[in-house]
Amino acid sequence: MSYDIKVQIISDLPLKPYRKGMGNYEGVVAHATAVWEDSDENQLKYFIKNWKERSAFAHYFVDYDSITQCANTKFIAWAAGYTANQRFVHVELCQTKDPDKFVQSWKQYTWLLAKILFDKKLGVKDGDTLVSHKFCSDTWKDTDHQDPIEYLKFHNKTWQDVIDSVTWWYKQFEEGKA
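The sections below set out a description of the structure shown in this document.

Cut-off values and rules
Residues numbered from 1 in each chain as written. Predicted model: local features only at pLDDT ≥ 70, side-chain atom pairs only at ≥ 80, totals over all residues. Heavy atoms only, no water. Pairing = 2+ DSSP bridges. Helix = DSSP H or I, 4+ residues; strand = E, 2+ residues; numbered from the N terminus. Contact = heavy atoms within 4.5 Å. Axes fitted to C-alpha atoms, helices over the stretch in contact; angles between N-to-C directions. Parallel < 35°, antiparallel > 145°, perpendicular 65-115°, else oblique. Left-handed = near helix turned anticlockwise from the far one by under 90°. Expected span 1.5 Å × (residues − 1). Bend = angle between axes of the 7 residues up to and from the residue. Buried < 20%, exposed > 50% of the residue type's maximum accessible area, 1.4 Å probe, protein only.

**What to know about the sheet that holds strand S6 (residues 130-132)**
- Spatial ordering of the open sheet is given by S1-S4-S3-S5-S2-S6, a layout of 6 strands whose pairing is mixed. Looking at strand neighbours, the two that pair on one side only are strand S1 (6-7) and S6, the edges of this open sheet.
- Inspection of the sheet shows strand S3 (residues 60-62) paired to strand S5 (residues 88-95) by 3 bridges, in the parallel sense. Bridging across to S5, Val62 finds its partner in Leu93.
- Along the sheet, helix H6 (residues 159-174) contacts strand S2 (27-36) and S6; its crossing angle with S6, the most-contacted strand, is approximately 150°.

This is the structure in C-alpha cells:
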C-alpha cells in the first residue's frame, strides 16, 4: 500500500541545511496543526502567504484525503524550535473531529512518518528518530507546544500508538509491501 504525495514547494523558503549537512535529517517530528476541520490544501495556502510573518513552516501537511509536501526535505523547516529544526523533518496532521476522517488521516500520517524514516534507513526509535513536538518542547525548551498528544487523545490514541503504527509501516517498507 502506498499513498500519493502532492509536491507544491513554497517558492521563497530559506534553504538552510541540517546540522549534519544538506539532506542529512536525523528523524521526524510528528505535529498536529491545532486548526480544527482544516485541510492540507488550506494549510499550504495559509503558509504560502504567512510563513515569513509567522516565522514557521513544516515540510508536510496530512489530512484524510491527501498529503502535501510544501518544503524540500533537503533543508530545515521552522516548526519546532531551533534545536529540533536543525535535526528533523516536520509533518503536520490536520485536525478533524470526524472519526472516519481521522482513521484515514491516521493511516496516511503514520505511513508518511515511516516513509521519511525509511528513506534514510533511520529506524523507528522513540525519542531519537521519531519525536513529537511535545518531546521537542519538553527536551530543548525552544517552544512550548505539546502537539500532537492532546489531539491524539481526542481520538483515543496515544504516543505509543504512533510509535507502534510507524513501526508497523516501517516493517512494510522493509518487506517491500508499502
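**Observations regarding the packing of helix H3 (residues 99-119) against H6**
- It is the contact of H3 with H6, at a shortest axis distance of 8 Å, that shows an interaxial angle of 60°. In this view, H3 runs oblique relative to H6, as classed from their interaxial angle. Crossing angle aside, the handedness with which H3 passes H6 is right-handed. Residues Trp106, Lys107, Thr110, Trp111, Leu113, Ala114, Lys115, Leu117 and Phe118 of H3 lie in contact with H6, whose contacting residues are Asp161, Val162, Ser165, Val166, Trp169, Tyr170, Phe173 and Glu174.

**A word on helix H1 (residues 40-54)**
- If you check H1, its first and last C-alpha atoms are just 17 Å apart, much less than what 15 residues at 1.5 Å a residue would give, namely 21 Å.
- The largest bend in H1 is about 55°, located at Ile48.
- For H1, the full list of buried residues reads Asp40, Gln43, Leu44, Phe47, Asn50 and Trp51.
- Contacts from the buried residues of H1 go to S1, S2, S3, strand S4 (67-69) and S5.
- Two residues or fewer past H1, Ser55 is found with a positive phi of approximately 50°.

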